[in-house]
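Next come the chains, spelled out residue by residue.
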Amino acid sequence: MASPVVSRMVRRVLRSSIRSCNSGAPVTQPRPGDPSQSAAEELSRRRQFLREHPVPFSAFLTDSFGRQHSYLRISLTEKCNLRCQYCMPEEGVPLTPKVDLLTTEEILMLARLFVKEGVDKIRLTGGEPLIRPDVVDIVAQLHRLEGLRTIGVTTNGINLARLLPQLQKAGLNAINISLDTLVPAKFEFIVRRKGFHKVMEGIHKAIELGYSPVKVNCVVMRGLNEDELLDFVALTEGLPLDVRFIEYMPFDGNKWNFKKMVSYKEMLDTLRQRWPELEKLPEEESSTAKSFKIPGFRGHVSFITSMSEHFCGSCNRLRITADGNLKVCLFGNAEVSLRDHLRAGASEEELLSIIGAAVGRKKRQHAGMFSISQMKNRPMILIELFLMLQDSPPAIPSISSKDSLGVQGLRHRVSFSNQVATLWAGCRVPQTLPLAQHWPGSGSLQRHYCSHPDSDSNPKCLSPVSRAPASRSGPLPTSDQLTHVDTEGRAAMVDVGGKPNTERVAVASAVVLLGPVAFKLVQENQLKKGDALVVAQLAGIQAAKVTSQLIPLCHHVALSHVQLQLELDSTRHAVVIQASCRAQGPTGVEMEALTSAAVAALTLYDMCKAVSRDIVLEEIKLISKTGGQRGDFHRT
């Protein structure tokens, strides 16, 4: 036990007057002749001495496998100003009574203890740490701890633009911002709150104040946002971002499913198809991230591979929850209450013994993704903030048909990157067509929803669906045999390995006859369940992406674009749906388009069934198909 004793003795000998820092005033350099100059020079000399004469690392923070834990994450609160399904189980989270949470003094006392033993990086988490009223003061007090090199925060970004100037002056020097989508409508769908533009403003403010890189955490889930990988990477071309793609991880209440997890290798393959020149960067010691860079881009991308390729062997992290429990492993359910020992009057040496025993029990690695999903553990909101989703996403909050901003449609990943450039330049969500419009030739207010990338200039989004008859571009060869059965009549999947890769486009449609009562409620956005058009639009797009999981013999298709358009037809009290899908590959996308239109129609039925059971779904059909070997098809 000599090493920790020597460590503490050296630090006590070197510790003298500690500089102060007002949380609201900038830190300035001392002027020549200023009495504070000598103190600053002394502090600089002492820090230089520590760098040149490192002391043995604390035995209390070294586990039985030799891992030295120099990184501490402290949760400041269990509360959050968003309601993300990943953090919040469906039934909600019982919050700890305030009296049982760590006080500011207890947080700082524990932080001082860990820093004295060798912790040189502290990250403040939540809940949402920036809703804590004294967060700026806590950062300022931590900044005074000698030996602490990095103070970071993980935030959802809602309050970041407002608080960051004060936090930077107080000593904050690292930022992680959680953002799972670049689509404003989907953002509201995920977090059940508005605020996309505030998050973007916060990221912009961090760049403006010189943080580099600004880390953006994106939890990737199949069927929800894996189609936005390229959009996120495109942001790093002109911005100093580290976009960190996080594998979906199991926590209590989030209904983890292996099929939802998109692995690091699958994500990397997607990126390399678009940017084959992607280069791997050297890994930092104890880093959880595998980082890559595209030559010529300002920023880079990283992958947090907690599930597919764990990094337990180099883990140097410890966590203190908001109620004062020490967790030595994020995925472990073993916890030790430091709060109880503090309040019972434990001495510093006794606390170190308790911490050392907990660290000593840390296992070599976590139990693996399938075992973890069966373990009882805290919901993520009670450990720290990530943004992930559970099985059943909530209904989108109602969006007034009089909203002047409207809701941003889902974008094609290529064109969306251009829209994001405008967003960054102005720090505002680009305006799109409002959900309420007077259609030409109509005397009543009409609503529609369109995911076209240029919806504010696309005439199809401003008028009822054109019913001009289409035509075939040529005769469509047919076969007198079914392609999905073998010679003995058994179901079989078609082998498309020998087919050429071509651009495939398909358009399908559906009509939902709502009846006058339900139609009026949808038109005026008065349904109690929320905005039926927005929910149906998102459901249709998600359905297109998982068609192969719904239709047994369909091939999985990597869609490059899904567009869903919903328009109101007041003459029939109907919603007309048109779905378009595009992909580059050896097989067509007509099933994706048909599935998209059909699921959007079914979602409308579900949203309106409490009002009327006299709803009819009809005219689910393929409108056009191009790019296949058998020629193009256009319905007449």
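Residues numbered from 1 in each chain as written. Predicted model: local features only at pLDDT ≥ 70, side-chain atom pairs only at ≥ 80, totals over all residues. Heavy atoms only, no water.

S.K.: I'd like a description of the sheet that holds strand β10 (residues 317-320), backed by residues and values.
M.R.: Ordered in space as β7-β8-β9-β6-β5-β4-β3-β2-β1-β10-β11-β12, the 12 strands form an open sheet in which the pairing is mixed. Two strands in the sheet have a free side with no partner beyond their single neighbour: β7 (279-280) and β12 (336-337). In the sheet, strand β1 (residues 71-75) pairs with β10 via four bridges, with the strands oriented parallel. From the neighbouring strand, R73 faces β10, where its bridge partner is R319. Packing of helix α4 (residues 135-143) onto the sheet brings it into contact with β2 (121-125) and β3 (150-155), and relative to β2 it is tilted by some 170°. (Pairing = 2+ DSSP bridges. Helix = DSSP H or I, 4+ residues; strand = E, 2+ residues; numbered from the N terminus. Contact = heavy atoms within 4.5 Å. Axes fitted to C-alpha atoms, helices over the stretch in contact; angles between N-to-C directions.)

S.K.: Give a description of the nonpolar core that names residues and reports values.
M.R.: Within the largest apolar cluster, 97 residues are counted, with the highest numbers of intra-cluster contacts made by F114, I122, L142, L179 and F245. Take this core: its biggest share by element is seven residues, from helix α3 (residues 104-116). V512, V522, A536 and L564 belong to the second-largest nonpolar core, a separate cluster that totals 37 residues. (Core = buried A, V, L, I, M, F, W, Y, C linked by side-chain atoms within 4.5 Å. Buried < 20%, exposed > 50% of the residue type's maximum accessible area, 1.4 Å probe, protein only.)

S.K.: Would you mind going over the pattern of salt bridges in detail, with residue names and values included?
M.R.: For the coordinates displayed, the defined rule picks out 20 salt bridges. Between E266 and R222 there is a salt bridge, with the nearest N and O atoms lying 2.8 Å from each other. Of this pair, E266 sits in helix α9 (residues 264-274) while R222 sits in the loop between β5 (214-220) and α8 (229-235); the two residues are 44 residues apart in sequence, bridging distant segments of the chain. Classification of E266 as partly exposed rests on a relative accessible area of 31%. (Salt bridge = Lys/Arg side-chain N within 4 Å of Asp/Glu carboxyl O.)

S.K.: Can you explain α9? Please cite residues and give values.
M.R.: Those residues of α9 that sit buried are Y264, M267, L268 and L271. In an axial view of α9, the angular spread of the buried residues amounts to 100°, which keeps them on one side of the axis. Along α9, exposed side chains directed more than 90 degrees from the buried face belong to K265 and Q273. Here the buried face of α9 lies against β5, α8, β6 (241-247), β8 (289-293) and β9 (300-304). (Arc of directions from axis to C-beta.)

S.K.: Report on the packing of α4 against helix α5 (residues 160-170), specifying residues and quantitative values.
M.R.: Where α4 contacts α5, the axes come no closer than 8 Å and their chain directions differ by 20°. Put simply, α4 runs roughly parallel to α5. As α4 runs across α5, the sense of the crossing is right-handed. Along the contact surface, α4 presents V135, V136, V139, A140 and H143, while α5 presents L163, Q166, L167 and A170. Counted by class, the contact of α4 with α5 contains seven nonpolar, two polar and no charged residues. (Parallel < 35°, antiparallel > 145°, perpendicular 65-115°, else oblique. Left-handed = near helix turned anticlockwise from the far one by under 90°. Nonpolar A, V, L, I, M, F, W, Y, C, P; charged D, E, K, R; others polar.)

S.K.: Account for helix α14 (residues 516-523), naming residues and giving values.
M.R.: When we look at burial in α14, the residues that qualify are A518, F519, V522 and Q523. Along the axis of α14, the buried positions cluster into a sector of 135°, meaning they face one direction only. Across α14 from its buried face, at more than 90 degrees, point the exposed residues P516 and V517. At the exit of α14 stands N525, carrying a positive phi of roughly 55°.

S.K.: How would you sum up the confidence of the model for the protein chain? Please name residues and give values.
M.R.: Summary statistics for the protein chain give a mean pLDDT of 76 and a share of 67% for residues scoring 70 or more. Here residues 1-33 is a poorly scored stretch, pLDDT under 50, and it has 58 contacts once near neighbours within four places are set aside; other chains count. (pLDDT = per-residue confidence, 0-100.)

S.K.: Lay out the packing of aromatic side chains with the relevant residues and their values.
M.R.: As enumerated under the stated definition, the model contains six aromatic pairs in all. Where F232 meets F245, the ring centres are 6.2 Å apart and the plane angle is 90°; that geometry is what we call edge-to-face. Within this pair, whereas F232 is found in helix α8, its partner F245 is found in strand β6, the two being separated by 13 residues in sequence. Under the relative-accessibility criterion, F232 is labelled buried at 1%. Centroid distance F245 to F303: 5.8 Å. Interplanar angle 40°. Geometry classified as tilted. Here F303 lies in strand β9 and F245 lies in strand β6, a separation of 58 residues in the sequence. In this structure F245 comes out as buried when scored by relative accessible area, which is 0%. Here the aromatic cluster, defined as three or more aromatic residues joined through ring pairs, consists of F232, F245, Y264, F292 and F303. Over the ring of Y71 we find K121; its NZ or CZ atom is 4.5 Å from the centre of that ring. Between the NZ or CZ atom of K280 and the centre of the ring of F292, over which it lies, the distance is 5.7 Å. (Phe/Tyr/Trp six-rings, centres within 6.5 Å; stacked < 30°, edge-to-face > 60°. Lys NZ or Arg CZ within 6 Å of the ring centre and 35° of its normal.)

S.K.: Just give me the short version of the side chain of E226, but keep the residues and values in it.
M.R.: Following the sequence through the fold, E226 ends up in the loop between β5 and α8. Although E226 is buried, it makes no salt bridge; K545 carries the closest opposite charge, 4.4 Å away. Within polar-contact distance, the side chain of E226 engages the backbone nitrogen of L224 at 3.5 Å. (Lys, Arg positive; Asp, Glu negative; His and termini not counted. Polar contact = N/O pair within 3.5 Å; in protein donor to acceptor, adjacent residues only side chain to side chain.)

S.K.: Lay out unusual backbone geometry with the relevant residues and their values.
M.R.: A cis geometry characterises the amide bond from G126 onward to G127, with omega recorded as 15°. Mapped onto the fold, G127 is located in the loop between β2 and α4. With an omega of 0°, the peptide bond between S212 and P213 qualifies as cis. Mapped onto the elements of the fold, P213 is located in the loop between α7 (196-208) and β5. Even without being a glycine, E619 presents a positive backbone phi close to 55°. Here E619 shows up in strand β18 (residues 616-626).

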